Each structure stands twice: as structure tokens, then as C-alpha cells.
Amino acid sequence: MRKDFLWGGAVAAHQVEGAYQTGGKGLSIADVMTAGSREQARRITAGVLEGEYYPNHEGIRFYEHYKEDIRLFAEMGFKCFRTSIAWSRIFPQGDEETPNEEGLRFYDDLFDELHKYQIEPVITLSHFEMPYELVKKCGGWRSREMIGHFIRFAQTVMERYKEKVKYWMTFNEINNQMILTNNIYAFTNSGILFEEGEDRLKTVYQAAHYEFVASAEVVRMGHEINPDFMIGCMVAATPVYAYSCHPDDVLLAQREDRKNLFFADVHARGHYPAYVKKEWERLGYQLDITKEDLEIIRKGCVDYIGFSYYLSSAISADPKVKKLGDDLAAGTDTVENPYLPMTPWGWAIDPKGLRYILNQYYDRYEVPLFVVENGFGFEDVMEDGQIHDQNRIEYLSDHIREMVKAVEEDGVDLLGYTVWGCIDPVSFGTGEMRKRYGFIYVDKKDDGSGTYERIRKDSFYWYQELINKMSK
Ligand code: BGP
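Residues numbered from 1 in each chain as written. Predicted model: local features only at pLDDT ≥ 70, side-chain atom pairs only at ≥ 80, totals over all residues. Heavy atoms only, no water.

1. Some details on the environment of M33
So the rule is basically this: A run of H or I in DSSP becomes a helix once it reaches four residues, and a run of E becomes a strand once it reaches two; helices and strands are each numbered from the N terminus. Relative accessibility thresholds used throughout: buried, under 20% of the residue-type maximum; exposed, over 50%; partly exposed, between the two (1.4 Å probe, protein chains only). Two residues form a contact once any of their heavy atoms are found within 4.5 Å.
Counting through the fold element by element, M33 comes out in the loop between helix 1 (13–16) and helix 2 (62–76). Overall, M33 belongs to the buried group, its relative accessible area being 1%. Put simply, M33 and V48 are 15 residues apart on the chain and 8.6 Å apart in space, counted from C-alpha to C-alpha. Setting aside its immediate chain neighbours within four residues, M33 contacts R42, R43, I44, Y54, P55, N56, I184, F187 and T188.

Structure follows, in C-alpha cells:
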């Protein structure tokens, strides 16, 4: 492993900060999503409605508790901490010319607190927190206008924190929006509310194009602000396995895998791959793509690939093989992998899949990689004031073991590893608290009640020991 390997943890502003209208912050798209569950998808409401419950409004009160929480991260020995800058704290309406100073000052204080303990910030610019006003004003990333708004936001914070933040990522899990059957993905990635009967795939490709242009321009501009910046993309890495060695399954898996690889292809290689141009031709898509856009994309290749890894999926061309259905995690066509156990939320547990994806990405892109999310969502049980989360320890140990093999045996260049939800966050997919990820338990229930007290779990001490051992 790299001598300066970045062991740490990850969260996102909208899933922890709360304070959704404090310090001049405007509504973000996360603030209009109601709570849901594994069975019941979250609802997107037209603004904040009376009588609805929005779990992100309070998050876990990280906005107030961040000094206490960072002290706990330091106690575990974190070398880095990933979070996001809530876009609507900096530009509450999204299209202002001048930023909100109170929002900027919050992140100044947050980064200063991290540096007090020599913890490196790893910052996501857009982690499902786009200003809600931009959904209303220009339909989110349907509109080319968003490019300017995002670049202004990125330039403002990169300038402001150029001495405090080195590691940046542009769009969190930008590929999620390829799951067209659940409205939450296009909404959280791109602020898109699908209309009745529209060609969702075409809308997503157009939005993704504008995001690619914005991301590439931010990479170029960021390097001018500080040549030491490491600016990455961020994709949800869910490898697609062929259900059988039947050539139809193998070809289908290759095609399905490309839905995710497409995004890293453009971010890392700086051009549209032939397979997607052929798809657009077949579908008759005339997208709004200019020569200038393609030049920007070519010049703005990312410095590294950040990605989340939770599960692998399997796909079969045989209609007789039962589909998993509209699973919030994978796609609608995936099938259960009979060789893998699942989490209570239906995510396949596949540590070897992490080694697989590390090799696939490093072979394909030959740039450093960064595992910025990996975690085990589980309804932890409190016993005599403690949480014995042995299953989380096993999940993470198994994944770290495979990750180390990818580096030590396969030669992958890996920057770091940040465990998702290092402190219990509000679940993105379901809005629940019960789907807990943390090394630190937060006493908040699904209905928002609780003391918000922080309690170390058994995994807190396990990770502390692991970082200590691996950093020698
Ligand atoms: C990823 C998001 C994270 C986090 C994670 C866990 O999609 O990047 O924000 O939420 O998934 O998913 P969930 O919270 O739905 O369990």
C-alpha cells in the first residue's frame, strides 16, 4: 500500500449536517425527499409540505456536533475524512453572483478542525445537494445553464479552500441516473423530474453531457487554482456478472456493465466511446453537443477515479430466470446471484467483487483509484448500552482483505479507502436511520426522535486497531 495511504471515513453533507435552513442555506433537492423504506420508495414533493417528514432536515445534527465527531474520527486514527460541500449553503438560490459568506465560513471551520488532527479533507462538490431553486428555474441538468452555475460554485470553493483541500470529486455516483425506473436517481444526480411519456434515456444522456462538460472544465480550472489539486470523478461501481457461461449471458453482462463504465470512460479518457455513439445513432438521438464541449471534455480528464462499492449484480438473458425487480440498489433486469449472501436490504455481499472492480478500472484507465465508499448497512441492536456489530467488522475485513490483494498482488495504484457512513447517516436510498453504517451509533430513530447522542460501536475499536496496524 502507498506509504501515505488515506484510511478514513465518508459521509455527505445532506445525510449528516441537518441545519437545512441555518446560516443562510437554501433548500437543496435532498430537503424535498420524504422518508421511505426498503419497500416504499422516497417521495419527491413540490417544495417542503406541511405534515410530511423530511429526514435530511435534521440529518444527525453534524452542523452542530462536527467538532465532537471529528474528535472521534481522530481517536480512530483517520488519515482523511470525506464529505461534501452543500451547494445550497454557498449559493442558496443557485444562481446568485456572490456566495453566502456564512456558508463559506462553516466549511472553513470544518476544514480547520480536521487539520487540527492532521486529517485530510476529501471533498465532493455535488453529492445530491443541488439548490432546489435550480430545479424550478431551469429543470436541473436538463438545461445547459447549469454548467455555468456549477462552475461558479466550484470556482468559489476551490479558490476559498485552495490551501485546505487537496482532494476533490465532481459529481457523486454520476452513473446512478442510468437506473431509469426509480425517479430518485435522476432527481438526486441531476435535479430531473421525468415528465409523462418522455424518453428518459435521452434526457439522462443529455444531462450527463452537460455534467461531463462542467466536470472537465472544473478539472482544468482547478489545476490553475492549485496545480497540486487531485480532482476525481465519482461512480457507483457495481460489477455485472453473467448469470451463466452461456454466450448470451456473457454478451448481455458486457452491455449492462457499459452503462456504468460509460461515465468513467468519458471522465477518464476525455471522449465518447464508440459503443455509445452507435447507441445514439440506433436510437436517433440528436443531443446538444458542440465541438467546444468536446474540446473541454478532452482537456479535462480526471486525476483519479473515486468510486463506491457495495455489491455486485448478475444478469441473465433467459426470461425464465427470476428478476430481482425494481431494486433500489441495482437495475430492474438483474437476478439473484446464488453464490452470494445478501444484506437485509437485498445487496449482495461480494468482497471479491471489490478486487474485480479495482482490476477492471485500473486495467481500463491506468490512473490512481480511490475507494470512497464501502460499507455495511444494518439495523444495529443496542445491548447493555453497547453495539456488538461483528457482522460489520466481518464485512469490512473481508472487503479490505480483497482490496489489499488488488494492490499488493495485482499492482493497482490505490490512494485510499473511506468507509461509507463512518458515523450513522440518514440513508440516501430509503431515508431511514435503521439502515446504520457507522463505527459511531447516533441515537436518532426513523421518525426523527432520539437524543442524537454518539456511542462508539465495537467496530470503532476494530477500525482504530486496523488503521494503526496498516499505517506502520
Ligand atoms: C451511495 C451514496 C451515499 C450513501 C450510500 C449508501 O449511493 O453515494 O450517499 O447513501 O449509497 O446507500 P444508502 O444510504 O441508500 O444505504
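Alright, that's what it looks like, and here's the rest.
2. Some details on the pattern of salt bridges
Where we set the bar: Counted as salt bridges are all cases of a side-chain nitrogen of Lys or Arg within 4 Å of a carboxyl oxygen of Asp or Glu.
Counted under the stated rule, the structure contains 44 salt bridges. Between E17 and R89 there is a salt bridge whose closest N-O contact spans 2.7 Å. Of this pair, E17 sits in the loop between helix 1 and helix 2 while R89 sits in helix 3 (residues 87–90), placing them 72 residues apart in sequence. In terms of burial, E17 and R89 fall into one category: buried. Across the salt bridge formed by K457 and D424, the nearest N and O atoms sit 2.9 Å from each other. Here the residue K457 occupies a position in the loop between strand 13 (454–456) and helix 14 (458–470), and D424 occupies one in the loop between strand 11 (414–420) and strand 12 (440–442), the gap between them amounting to 33 residues. A single burial state applies to K457 and to D424, both of which are buried.

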